[in-house]
Amino acid sequence: GEISQLLQVKLLRVIQERIYEPLGGTDSIKTDVRIIAATNKKIEKLVKSGQFREDFYYRINVMRIKLPPLRERREDIPLLIKHFIRRFNNLKNKYISDISPEALVVLVNYDFPGNIRELENIIEHAFVLCKNKIIELNDLPESFSSKVVPSLIKPTSMDQLESEYLLEALKRNNWNRKKTAEELGIHKTTLWRKIKKLNIQSLS
C-alpha cells in the first residue's frame, strides 16, 4: 500500500515474466518465487483513486487472508504475551517468567487500537520497570497500572484466564464448537485443541 507506481510496474514484470535484472547487472535472471504481501491500507480504495495499479493489485491478490484486529481475538493475548516475554528475556538478558493474573486481566480487557505492536510496546515497558520475575500491574504503563481489576474475574494463571474466556464463548453458543470458533475467529480444530489442552468440559 506504500510502494510507488514505478516499483509496482517493476514487480508486476517480475511476477508475470519471472525475470529481473539485479542492480548494476546487465543480464536477466530467471526467478520462481512466492510473494507474500501485507498492508493495513484499503487497497480497493487506492485502486479506485488511481493511487494503486489495478493490474498489479489483481496479480498479487490471489490468496487473501484477513487478520482480525487484536480486540477481536482476545484469546491470542496470553499467547502473545508469553511470546514477547521470551523475546525480551533474550534481548535484554533478563529472566521474567510470567505476568500476574491482575495485569493479564487488564490487558485482555483492553481494546488495543495499536494492535500487536502496542501490546509489544507495553511488555517492553514492563521489562524496564519489572524488578522481579513476574510482571505486575504497576509495571504496566500508567494508564493501565491505575485500572481496577474486575472483581468477578480472578484468574490464577494464563491458562485459567484462557479457559474462562473459552468457556464463556462456548456457553454463549450453546456448546456449538463451530459457532464458537466462528465467533472467536479461529479454526474449529484450533478450538478443539484448546478445549482438550485446558480440559474444558460441559457442565450440562
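1. Side note on the overall build of the chain
Then, in step 1: Each helix and strand counted, the chain has 10 helices and four strands in total.
Then, in step 2: Counting from the amino terminus, helix and strand elements in the chain follow one another as α-β-β-α-α-α-β-α-α-β-α-α-α-α.
Then, in step 3: Looking at the chain as a whole, 33% of its 204 residues qualify as buried.
Then, in step 4: Once local pairs closer than 6 in sequence are excluded, the contacts in the chain between residues at least 24 apart make up 60%.
Then, in step 5: Surface exposure of the chain reaches about 14,200 Å², of which carbon and sulfur atoms provide 51%.
Then, in step 6: Of the side chains in the chain, 36 bear a positive and 26 a negative charge, and the two mean positions are spaced by 4 Å.

2. As for the environment of I123
Then, in step 1: Residue placement: I123 occurs in helix 6 (residues 115–129).
Then, in step 2: In contact with I123, not counting residues within four places along its chain, are I81, F84, I85, F88, L107 and I135.

3. Brief notes about the pattern of salt bridges
Then, in step 1: Within this structure, the stated rule accounts for 11 salt bridges.
Then, in step 2: Residues R13 and E17 are paired through a salt bridge, measuring 3.3 Å at the closest nitrogen-oxygen approach. Highlighted residues: R13 and E17, both in helix 1 (residues 5–17), separated by four residues, approximately one helical turn.
Then, in step 3: Of the residues examined, E17 reaches a relative accessible area of 47% and is grouped as partly exposed.
Then, in step 4: R53 serves as the salt-bridge partner of D55, at 2.7 Å between the closest nitrogen and oxygen.
Then, in step 5: Take D55: its relative accessible area is 33%, and that puts it in the partly exposed class.
Then, in step 6: When salt bridges with common partners are traced through the structure, they connect R13, E17 and E21 into a single cluster.

4. Section: the packing of helix 4 (residues 77–92) against helix 6
Then, in step 1: Relative orientation of the contacting elements helix 4 and helix 6 amounts to 50°, with a least axis distance of 10 Å. Judged by the inter-axis angle, helix 4 sits oblique to helix 6. The way helix 4 lies across helix 6 gives a crossing that is right-handed. On helix 6, the residues touching I77, L80, I81, F84, I85, R87, F88, N89 and K92 of helix 4 are I116, L119, E120, I123, E124 and F127.

5. Structural notes on the layout of surface pockets
A water-sized probe, rolled over the atoms, reveals where empty space remains.
Then, in step 1: Empty space within the largest pocket amounts to approximately 1,700 Å³.
Then, in step 2: Residue lining of the largest pocket: 37 residues in total, with A37, A38, T39, R64 and I65 positioned closest to the centre.
Then, in step 3: If you list the elements that add at least two residues to the lining of the largest pocket, you get helix 1, helix 2 (43–48), helix 3 (54–60) and helix 6.
Then, in step 4: The element that contributes the greatest number of residues to the lining of the largest pocket is helix 3, accounting for four residues.
Then, in step 5: The class makeup of the residues in the lining of the largest pocket is 21 nonpolar, six polar and 10 charged.

6. Looking at the packing of aromatic side chains
Then, in step 1: Under the criterion given, the structure shown has five aromatic pairs.
Then, in step 2: For the pair Y110 and F144, a centre-to-centre distance of 4.7 Å together with 80° between the ring planes defines the contact as edge-to-face. Pair noted here: Y110 is in the loop between helix 5 (101–108) and helix 6 and F144 is in helix 7 (residues 142–145), with a separation of 34 residues, a long-range link.
Then, in step 3: In textbook terms, an aromatic cluster arises when at least three aromatic residues are bridged by ring pairs, as seen for Y110, F112 and F144.
Then, in step 4: The positively charged end of R87 is found above the aromatic ring belonging to F88, 5.4 Å away from the centroid.

7. What about helix 1?
Then, in step 1: Taking 1.5 Å per residue as the helical rise, helix 1 with its 13 residues ought to reach 18 Å, and the 18 Å between its terminal C-alpha atoms agrees with that figure.
Then, in step 2: Within helix 1 the residues assigned to the buried category are Q8, L12 and I15. Looking down the long axis of helix 1, one finds its buried residues gathered within 65° of arc, a one-sided arrangement.
Then, in step 3: Where helix 1 is buried, its residues meet helix 3.
Then, in step 4: Positive phi shows up at R18, right after helix 1, with a value of about 55°.

Calculation rules
- Residues numbered from 1 in each chain as written.
- Predicted model: local features only at pLDDT ≥ 70, side-chain atom pairs only at ≥ 80, totals over all residues.
- Heavy atoms only, no water.
- Helix = DSSP H or I, 4+ residues; strand = E, 2+ residues; numbered from the N terminus.
- Buried < 20%, exposed > 50% of the residue type's maximum accessible area, 1.4 Å probe, protein only.
- Contact = heavy atoms within 4.5 Å.
- Areas by Shrake-Rupley, 256 points an atom, 1.4 Å probe, with all protein chains shown as cover.
- Lys, Arg positive; Asp, Glu negative; His and termini not counted.
- Charge placed at Lys NZ, Arg CZ, Asp CG, Glu CD.
- Salt bridge = Lys/Arg side-chain N within 4 Å of Asp/Glu carboxyl O.
- Axes fitted to C-alpha atoms, helices over the stretch in contact; angles between N-to-C directions.
- Parallel < 35°, antiparallel > 145°, perpendicular 65-115°, else oblique.
- Left-handed = near helix turned anticlockwise from the far one by under 90°.
- 1 Å grid on protein atoms, 1.4 Å probe; cavity = no way out; pocket = protein on both sides within 12 Å on 5 of 7 lines; lining within 4 Å.
- Points joined across faces, edges and corners; volume = space filled by probe spheres on them.
- Nonpolar A, V, L, I, M, F, W, Y, C, P; charged D, E, K, R; others polar.
- Phe/Tyr/Trp six-rings, centres within 6.5 Å; stacked < 30°, edge-to-face > 60°.
- Lys NZ or Arg CZ within 6 Å of the ring centre and 35° of its normal.
- Expected span 1.5 Å × (residues − 1).
- Arc of directions from axis to C-beta.

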